[in-house]
Number of protein chains: 2
Amino acid sequence: MAPPGGSGVTAASLASFFAERRSIEQVELGDELAPRFDHDGLLPAIVVDAKSHEILMLGYMNAEALARTLHSREAHFWSRSRQAIWRKGEHSGFTQTVERILVDDDQDALVLHVRVNGPGSCHVGFRSCFYREIDMGTVKGADPVRVRQIETDLAFDAAAIYAGLPNPTRI
Amino acid sequence: MAPPGGSGVTAASLASFFAERRSIEQVELGDELAPRFDHDGLLPAIVVDAKSHEILMLGYMNAEALARTLHSREAHFWSRSRQAIWRKGEHSGFTQTVERILVDDDQDALVLHVRVNGPGSCHVGFRSCFYREIDMGTVKGADPVRVRQIETDLAFDAAAIYAGLPNPTRI
């Protein structure tokens, strides 16, 4: 991977940006950022609203997306549908300013505390991507399980904001 | 996958438990639970404390783990290190009672609101797996990035609780 210039991220800086993973003690209790990317080169990043702590979305980052996020303080992900670096809000303008990033015990997952510069973070038009809840009352034997909406009002007009762009949801 | 009996989950019930994914409209705006498991048969499940909404961990579920969770209301995951169904708390006793499950727009990620039946959810001994934060002040050019602990007191003695078990962290 040879990231293009911009945001201070170069191929050289990327190589030395993260520590090598050497031991369980280093990874779990050390003070080095030594993330573990999966076999696709990705790790999940949970995005929460910095003020309300509401979970807004879950995205995936490769090393370049994480480095760009750290440098720019703007959330960058790897778009699995487009197979490209994705600066959140590049189309909608609803960017995410990153205030804090938490790391988990084995450093293969992140939590981003962000300020959303716009009405929402979900491509369907809701504030949060988690706008539905499983109806636990429908969990019975072999019957199909149902979901119900918990966020009912659209935060923005997704058809207008993303006009001409393909829907990222994959079947 | 032929799940063993128990918790009401059988191979037959598992097959009819989740809806087939037929269209973007159905997946994004319908009332059927039609989860998308990745090429390893997994989806990520963010676990939050039902009361404080603090993020405790991120686990992965296969279809059987999700079905068992829905039936038993106890969090089950797929252990990627052990390659086996993992009832959270089966060793420590610190099980997670599931109060709510949220689903995201394309149904490939979940949020579990849980009540933890014990002092913590992290195998290192902390309350949350996200006990460290990236020190944004150390993000400079090509220097290694540092992390610092934000949860400093251990919630339980992990060495005693998990005595004799291998550490799940992979290098």
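Note that the structure is predicted; figures quoted are calculated from it, not measured.

1. Quick notes on the relation of the copies chain B and chain A
When chain B is brought onto chain A, the operation consists of a screw motion whose angular component is 180° and whose axial shift is 0.0 Å, with 0.0 Å RMSD remaining. Taken together, the rotation and translation relating the two chain copies correspond to the operation of a two-fold axis. Of all interface residues in chain B, 100% are interface residues in chain A too; the two copies therefore contact each other through one and the same surface.

2. What to know about a negative patch on the surface
The grouping of D38(A), D40(A), D38(B) and D40(B) at the surface amounts to a negative patch. Note that D40(A) resides in the loop between α2 (24–29) and β1 (43–49).

3. Thoughts on unusual backbone geometry
Residue and element names in this part refer to chain A. A positive phi angle, near 60°, is found at R73, a position not held by glycine. Considering the arrangement of structural elements, one finds R73 in the loop between α3 (63–72) and β3 (76–79). For Q83, which is not glycine, the phi dihedral falls at a positive 55°. By the secondary structure assignment, Q83 is in the loop between β3 and β4 (84–87).

4. Observations regarding the packing of aromatic side chains
All names here are of chain A. One pass over the full model with this rule turns up twelve aromatic pairs over all chains. A centroid spacing of 5.2 Å and a plane angle of 85° characterise the contact between F17 and F18, whose relative ring orientation is edge-to-face. A residue is classified by how much of its surface remains accessible, and F18, at 14% relative accessible area, is buried. A ring pair is formed by F156 and Y162, whose centres lie 6.2 Å apart and whose planes are at 65°; its orientation type is edge-to-face. An aromatic cluster is defined as three or more aromatic residues linked by ring pairs; in this entry it consists of F17, F18 and F37.

5. Description of the sheet that holds strand β8 (residues 147–149) of chain A
Across the sheet, which stays open at both edges, the six strands sit in the order β8(A)-β7(A)-β5(B)-β6(B)-β1(B)-β2(B) with mixed pairing between neighbours. Of all strands in the sheet, those bounded by a partner on one side alone are β8 of chain A together with β2 (55–61) of chain B. Direction aside, the axes of adjacent strands within the sheet are offset by 30° on average.

6. Some words on the interface of chain B and chain A
Between chain B and chain A, the residue contacts involve 65 residues of the former and 66 residues of the latter. Taking both sides of the interface into account, the surface hidden between chain B and chain A amounts to around 6,300 Å²; carbon and sulfur atoms contribute 58%. Among the residues chain B hides against chain A, the three largest losses belong to R132(B), M136(B) and I171(B). Together they make up 12% of the total. Remark: the boundary between chain B and chain A carries six salt bridges. Its salt-bridge partner being R100(A), residue E133(B) comes within 2.7 Å of it at the nearest N-O pair. Linking chain B with chain A are 46 residue pairs in polar contact (both at pLDDT 80 or more), by the criterion used here. Where the side of chain B that touches chain A is concerned, the elements lending two or more residues are α1 (11–17), α2 (24–29), β1 (43–49), β2, α3 (63–72), β5 (96–103), β6 (110–116) and β7 (132–134) of chain B. Along the lines of polarity and charge, the residues of the side of chain B that touches chain A split into 34 nonpolar, twelve polar and 19 charged. As defined by bridge partners, strand β5 (residues 96–103) of chain A adjoins β7(B) across two bridges and the pair is classed as antiparallel. Looking across to β7(B), one finds that V103(A) is bridged to R132(B).

7. What to know about the sheet that holds β7(B)
Read from one edge to the other, the open sheet built from six strands follows the order β2(A)-β1(A)-β6(A)-β5(A)-β7(B)-β8(B), with strand pairing classed as mixed. Bordering the open sheet on either side are β2 (55–61) of chain A together with β8 (147–149) of chain B, each of which pairs with just one other strand. In this sheet, adjacent strand axes meet at a mean angle of 30° when their direction is disregarded. On the sheet, α3(A) packs against β2, β5 and β6 (110–116) of chain A together with β7 of chain B and is oriented at approximately 125° with respect to β2(A).

8. Points about the side chain of K88(A)
Inspection of the secondary structure puts K88(A) in the loop between β4 and β5. Within the buried set, K88(A) has no salt-bridge partner at all; the shortest N-O distance to an opposite charge, 7.7 Å, is to D105(B).

9. With respect to α3(A)
All names here are of chain A. In terms of burial, α3 is largely enclosed, as eight of its ten residues are buried. All of the buried residues in α3 are A63, E64, A65, L66, A67, R68, T69 and L70. With its phi angle positive at about 60°, R73 sits one or two positions after the end of α3.

Conventions used here
Residues numbered from 1 in each chain as written. Chains lettered and ligands numbered in written order. Predicted model: local features only at pLDDT ≥ 70, side-chain atom pairs only at ≥ 80, totals over all residues. Heavy atoms only, no water. Least-squares fit on C-alpha atoms with pLDDT ≥ 70 in both. Contact = heavy atoms within 4.5 Å. Patch = residues over 30% accessible without salt bridge, like charges linked within 9 Å, V, L, I, M, F, W, Y side chains within 5 Å. Areas by Shrake-Rupley, 256 points an atom, 1.4 Å probe, with all protein chains shown as cover. Salt bridge = Lys/Arg side-chain N within 4 Å of Asp/Glu carboxyl O. Lys, Arg positive; Asp, Glu negative; His and termini not counted. Charge placed at Lys NZ, Arg CZ, Asp CG, Glu CD. Helix = DSSP H or I, 4+ residues; strand = E, 2+ residues; numbered from the N terminus. Phe/Tyr/Trp six-rings, centres within 6.5 Å; stacked < 30°, edge-to-face > 60°. Buried < 20%, exposed > 50% of the residue type's maximum accessible area, 1.4 Å probe, protein only. Pairing = 2+ DSSP bridges. Axes fitted to C-alpha atoms, helices over the stretch in contact; angles between N-to-C directions. Buried area = accessible area lost by both parts, 1.4 Å probe. Polar contact = N/O pair within 3.5 Å; in protein donor to acceptor, adjacent residues only side chain to side chain. Nonpolar A, V, L, I, M, F, W, Y, C, P; charged D, E, K, R; others polar.

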